[in-house]
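# What the coordinates show
Single-letter residue listing:
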Amino acid sequence: MRRIILLFALSAATAVTAEAQSEITLLAPGPMRTPLDRIVANFQAKTKYRVKLTYGTGLSTRQSIARDEPLDVTLAVAPFFGAIASGSVIPGSATPVASFLMAVAVPKNALKPDITTPAAVKQAFLRAKTIGFVDPDFGSAGQGATEAIMKLGIADQIATKIKVPNGGGPIQRGLASGELDIGMLYLSDMLPNKDVTIVGVLPKEICTPTAIVGFISAKASDPAGAKALLEYLASPEAQAIFKDAGFQPHS
C-alpha cells in the first residue's frame with residue numbers, strides 16, 4: 001500500500017513539474033529588451049508558463065516570420081505585409097503591443113533646437129552641421145528618420161550633412177563626442193544615456209510612431225499559452241512598463 005501511495009505521489013509530482021515548465025518561445029526586437037525583460041518576468045510570476053526570450057533586430061524579426069521561422073509569439077515592427085502573406089503566423093492574432101517613438105537629441109549641454117512643429121524641425125535640420133541616424137537598410141530606427149526628412153522635402157539640402165551608420169551606438173557616441181549636432185534614434189534607446197540631451201519626439205505629422213505588433217505562430221507549440229502571453233503584453237500592467245521605458249502604449 002505504501003508503495004502504491006509513493007508511486008502515485010511521484011507521478012503527481014512529475015505531472016505538476018511538467019505543467020510548471022510549460023515553455024513559450026518569444027522573439028522580439030532588441031530595442032525592447034529593457035521593458036520586455038521586466039514584463040516577461042512578471043508574466044512568469046503570475047502564470048504556470050516559462051518564456052524563452054530571443055532578441056533580434058526590427059528587420060530580422062520581420063524576416064523570421066517571412067521565412068517561416070517565427071517562434072510561438074513574435075513581435076514584429078511595421079510594415080510586415082510579407083510576414084503576414086507568408087502564412088507562418090495567424091493574421092487574426094495580430095495584437096498591437098506598443099510603438100517606437102523617434103527622438104531628437106543633441107550633445108550634452110548643447111542648446112535645444114525647437115522641434116515642436118514640422119517647420120521648426122526643418123529649420124533645425126537646415127541649421128545643423130551634422131545629422132546622424134541609423135541606416136534604414138540595417139535597422140528599423142532609420143525608417144522614422146528617413147520618413148521625416150522626406151516629408152520635410154529637404155533630403156537634397158542636407159545630404160552632405162548626414163551620417164548613417166548601421167546601428168544606434170555610433171549615433172549616441174557621435175552626440176557624446178560632439179561629432180554630431182543632431183541625432184535621431186528611438187526614444188527608448190536614448191533615455192538611459194546621460195551623455196546626451198534629449199530634445200523631444202518628432203511631430204507625428206512628419207514621423208509616424210513605428211508600430212510593434214505581436215503574432216502567434218501557425219505552428220505554436222502551445223496556442224493557449226501563446227495567446228495568454230500576447231494578451232499580457234497588451235495589458236495595462238505591461239503598457240505602463242512600456243510607457244516608462246519611452247514607448248508609446250498601444251491605443
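What follows deals with the overall build of the protein. The helix and strand inventory of the protein stands at 11 helices and 11 strands. In terms of overall dimensions, the protein has a C-alpha envelope of 85 × 40 × 30 Å along the principal axes. For the protein, the proportion of its 251 residues judged to be buried stands at 47%. Long-range pairs, those at least 24 residues apart, make up 78% of the contacts in the protein with a sequence separation of at least 6. About 12,400 Å² of surface is accessible on the protein, with carbon and sulfur atoms providing 57% of the total. Side-chain charges of the protein comprise 24 positive and 20 negative groups, with the mean position of each set lying 4 Å from the other.

Let us now look at the environment of Gly167. Its place among the elements puts Gly167 in the loop between strand S7 (162-163) and helix H8 (168-177). Relative accessible area serves as the criterion here: at 18%, Gly167 is assigned to the buried category. In this structure, the C-alpha to C-alpha distance between Gly167 and Val104, residues 63 residues apart in sequence, is 16 Å.

Another point: the pattern of salt bridges. Counted according to the given criterion, the structure contains 3 salt bridges. A salt bridge links Asp68 to Lys219; the nearest nitrogen and oxygen atoms lie 3.0 Å apart. Residue Asp68 is found in the loop between helix H3 (58-66) and strand S3 (73-77), and its partner Lys219 is found in the loop between strand S10 (210-216) and helix H10 (223-233); the two are separated by 151 residues along the sequence. Look at Lys219 and you get exposed, because its relative accessible area is 60%.

The subject of this paragraph is the sheet that holds strand S2 (residues 50-56). Remark on secondary structure: sheet strands pair via backbone hydrogen bonds, oriented parallel or antiparallel. Read across the open sheet, the 6 strands follow the order S2-S1-S3-S10-S4-S11; overall the sheet is mixed. The two strands at the open ends of the sheet, each matched to only one other strand, are S2 and strand S11 (248-249). Across 2 bridges, the pairing between strand S1 (residues 23-29) and S3 is parallel. The residue of S3 that forms the bridge with Leu27 is Thr74. Of the strands in this sheet, S1, S2 and S3 touch helix H2 (residues 33-46), which is tilted by about 170° from S2.

Strand order in the open sheet made by the 5 strands is S7-S6-S8-S5-S9, with mixed pairing throughout. Taken across any chain shown, the strands that pair with only one partner, and hence form the sheet edges, are S7 and strand S9 (196-201). Across 4 bridges, strand S5 (residues 102-107) lies against strand S8 (residues 182-186) in antiparallel orientation. Within S8, the residue paired with Val104 across the bridge is Met184. Along the sheet, helix H6 (residues 141-152) makes contact with S5, strand S6 (131-133), S7 and S8, crossing S8 at roughly 130°.

About the criteria used
Residues numbered from 1 in each chain as written. Predicted model: local features only at pLDDT ≥ 70, side-chain atom pairs only at ≥ 80, totals over all residues. Heavy atoms only, no water. Helix = DSSP H or I, 4+ residues; strand = E, 2+ residues; numbered from the N terminus. Buried < 20%, exposed > 50% of the residue type's maximum accessible area, 1.4 Å probe, protein only. Contact = heavy atoms within 4.5 Å. Areas by Shrake-Rupley, 256 points an atom, 1.4 Å probe, with all protein chains shown as cover. Lys, Arg positive; Asp, Glu negative; His and termini not counted. Charge placed at Lys NZ, Arg CZ, Asp CG, Glu CD. Salt bridge = Lys/Arg side-chain N within 4 Å of Asp/Glu carboxyl O. Pairing = 2+ DSSP bridges. Axes fitted to C-alpha atoms, helices over the stretch in contact; angles between N-to-C directions.

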